[in-house]
Amino acid sequence: MTRFVALGDSLSEGVGDRLPDGAWRGWAALLAQGVRPPGEPLAFTNLAVSGAQSRDVAETQLPAALALRPQLASVVVGVNDTLRRTFDIGLLAGRLDRVCGELAGAGAVLLTACLPDPGRMLGLPGPLARPLARRQRAVNAVVHALSERYDAVHLHLAAPDWTEDRALWSADRLHPGERGHRAVAAAFHRLLRERGLALGPAPSPEPEQPPPSRTDAVRWLATAGTAWVVRRCGDLLPQLLALAAAELRHSATGTAALLDTHADTALARALDATMRA
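The following paragraphs examine the structure supplied in this document. (Residues numbered from 1 in each chain as written. Predicted model: local features only at pLDDT ≥ 70, side-chain atom pairs only at ≥ 80, totals over all residues. Heavy atoms only, no water.)

**Describing the overall build of the protein**
The following threshold applies: Helix and strand definitions here come from DSSP, where helices need a minimum of 4 consecutive H or I residues and strands a minimum of 2 consecutive E residues; each element is numbered from the N-terminal end. Each radius of gyration is computed over the set of C-alpha atoms, and the globule rule expresses the reference value as 2.2 Å times the number of residues to the power 0.38. Burial status follows relative accessibility: with a 1.4 Å probe on protein chains alone, a residue under 20% of its type maximum counts as buried, one over 50% as exposed, and anything between as partly exposed. By the convention used here, residues are in contact when the closest approach between their heavy atoms is within 4.5 Å. With residues, only the protein chains shown are counted as cover, and all accessible areas are computed by Shrake-Rupley using a 1.4 Å probe.
Tallying secondary structure elements over the protein gives 13 helices and five strands in all. On C-alpha atoms alone, the protein measures out to a radius of gyration of 19 Å, which is about the 19 Å that the 2.2 N^0.38 rule sets for 277 residues. Along the first, second and third principal axes, the C-alpha set of the protein runs to 65 × 50 × 30 Å. Per-residue burial for the protein yields a buried fraction of 44% across its 277 residues. Within the protein, contacts between residues separated by at least 24 positions form 78% of all contacts whose residues are at least 6 apart in sequence. A total accessible area of about 13,000 Å² is found for the protein, and carbon and sulfur atoms account for 57% of it.

Written as structure tokens, this is what we have:
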């Protein structure tokens, strides 16, 4: 029996792709249907949890995944780390290296993805968006390096053909809608098939549910979107405002390049420490 385990956050949990019974499905479940030919056994377990950070994946999801002895394991996480005041690219790199290393060492083929910049997806103003963009670029650089190190099946979800096609995204602008989850599943299926690891049919690209309307977007902003902002006010917002103030201050003095230099230096140290481990 082929065993496929998904680790990560709300993207892999399936948020944005809701079934008629109210449950989330998502790209990983859609992909699982096409890994083996029809009728052949496959055990799929989704350990991803909305809001998970790299620490949650390393400390909680990884032991559960190893106990299942998977042949395939997806590790897609990092956006929630960028949305916290505790963001540390060095700690994130070390955690993801441990997760990928232990899964690969146990014989699993890894599936990874670099992710879009949340500030850009949300349409935040420049001084607020740029700090998040720096953080997400750093996370993606770490994921790229680890994907090469462990020969992962890697998908570039930060590419413009993903981020600029609004038909792929749900009303919250942070998660794919059903069409987007199907596109992610189909892209991973194609990459797996190229390695001879996907032997079943590719997921259908056509959604079964209607796409989110403008009314859906307004409803989300008035309900779940407001709740999301409230939760972040005591965590990310104070630091993000401080980061935005630093952006404006450096812009006014012509020293904005220093912020990029500091971020690049932290990333270089994180990659150096991780690759030497």
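**Observations concerning the environment of Arg120**
Mapped onto the elements, Arg120 comes out in helix H6 (residues 118-122). Here Arg120 falls in the partly exposed class, since its relative accessible area comes to 47%. Arg120 sits 51 residues away from Ala171 along the chain, and the two C-alpha atoms are 15 Å apart. Residue contacts for Arg120: discarding those within four places in its chain leaves Thr163 and Glu164.

**Some remarks on the packing of helix H3 (residues 54-67) against helix H5 (residues 89-105)**
Let me state the cut-off plainly: Axis angles are defined between N-to-C directions and span 0 to 180 degrees, where every axis is a line fitted to C-alpha atoms and, for a helix, only to the segment in contact. For this classification, under 35 degrees means roughly parallel, over 145 means roughly antiparallel, 65 to 115 means roughly perpendicular, and everything else is oblique.
At a minimum axis separation of 9 Å, H3 and H5 run at an interaxial angle of 10°. By the angle between their directions, the pair H3 and H5 is classed as roughly parallel. Of H5, the residues touching H3 (which contributes Ser54, Arg55, Val57, Ala58, Leu62, Ala65 and Leu66) are Leu92, Arg95, Leu96, Arg98, Val99, Glu102 and Leu103.

**Things to note about the pattern of salt bridges**
Where we set the bar: We define a salt bridge as a contact between a side-chain nitrogen of Lys or Arg and a carboxyl oxygen of Asp or Glu at a distance within 4 Å.
Using the criterion set out here, one finds 15 salt bridges in the structure. Between Arg149 and Asp97 there is a salt bridge, with the nearest N and O atoms lying 3.3 Å from each other. Within this pair, whereas Arg149 is found in helix H7 (residues 126-149), its partner Asp97 is found in helix H5, the two being separated by 52 residues in sequence. Notably, a salt bridge pairs Asp151 with Arg195, separated by 3.4 Å at the nearest N-O pair.

**A word on the packing of aromatic side chains**
The line we're drawing: Working definition: a ring pair exists when centres of Phe, Tyr or Trp rings (six-membered ring for Trp) sit within 6.5 Å. Plane angles under 30 degrees give stacked, over 60 give edge-to-face, the rest tilted. A ring is considered to have a charge above it if a Lys NZ or an Arg CZ atom is located within 6 Å of its centre and within 35 degrees of its normal.
Counted under the stated rule, the structure contains two aromatic pairs. Residues Phe4 and Phe44 carry aromatic rings whose centres are separated by 5.1 Å and whose planes lie at 45° to one another, so their mutual orientation is tilted. You can see Phe4 sitting in strand S1 (residues 2-8) and its partner Phe44 sitting in strand S2 (residues 42-46), a full 40 residues away along the chain. The exposure class assigned to Phe4 is buried, which follows from its relative accessible area of 0%. Of the residues examined, Phe44 reaches a relative accessible area of 27% and is grouped as partly exposed. Stacked on the ring of Trp24, the Lys or Arg Arg18 has its end atom at 3.8 Å from the ring centre.

**Structural notes on helix H9 (residues 178-194)**
Our working definition: Here the expected span of a helix is defined as 1.5 Å times the quantity of residues minus one.
Between its terminal C-alpha atoms H9 stretches 24 Å, which fits the 24 Å expected from 17 residues at 1.5 Å a residue. Inspection of H9 places Glu178, Gly180, His181, Arg182, Val184, Ala185, Ala187, Phe188, His189 and Leu192 among the buried residues, and these make up the whole buried set. Where H9 is buried, its residues contact helix H1 (10-13), helix H2 (27-32), strand S3 (72-76), strand S4 (109-114), strand S5 (153-156) and helix H8 (160-163).

**Thoughts on the packing of H5 against H7**
Condition: Each crossing gets its hand from how the near helix is turned against the far one by less than a right angle, where anticlockwise is left-handed and clockwise is right-handed. Under the grouping applied here, Gly and all other residues not named as nonpolar or charged are polar, the nonpolar ones being Ala, Val, Leu, Ile, Met, Phe, Trp, Tyr, Cys and Pro and the charged ones Asp, Glu, Lys and Arg.
Between H5 and H7, the least distance of the axes is 10 Å, while the angle of their chain directions is 25°. Judged by the inter-axis angle, H5 sits roughly parallel to H7. By crossing handedness, the relation of H5 to H7 is classed as right-handed. Within the contact between the two elements, H5 uses Ile89, Leu92, Ala93, Leu96 and Asp97 and H7 uses Ala138, Val139, Val142, Val143, Leu146 and Arg149. Residue composition of the contact of H5 with H7, grouped by class: nine nonpolar, no polar and two charged.

**Some details on the sheet that holds S4**
As a reminder of what qualifies: Criterion used throughout: strands pair if DSSP finds at least two bridges between them.
One open sheet holds the five strands; their spatial order is S2-S1-S3-S4-S5, and the pairing between them is parallel. Of all the strands in the sheet, just S2 and S5 have a single pairing partner and so form its edges. Here the strands of the sheet are splayed against their neighbours by 15° on average, with no regard to which way each runs. With four bridges joining them, S4 and S5 adopt parallel strand pairing. Across the sheet, the residue bridging to Leu111 is Val153, located in S5. Seen against the sheet, H7 touches S4 and S5 and runs at an angle of roughly 155° to S4.

Fair warning: the whole summary comes from geometry, so function is off the table for now.
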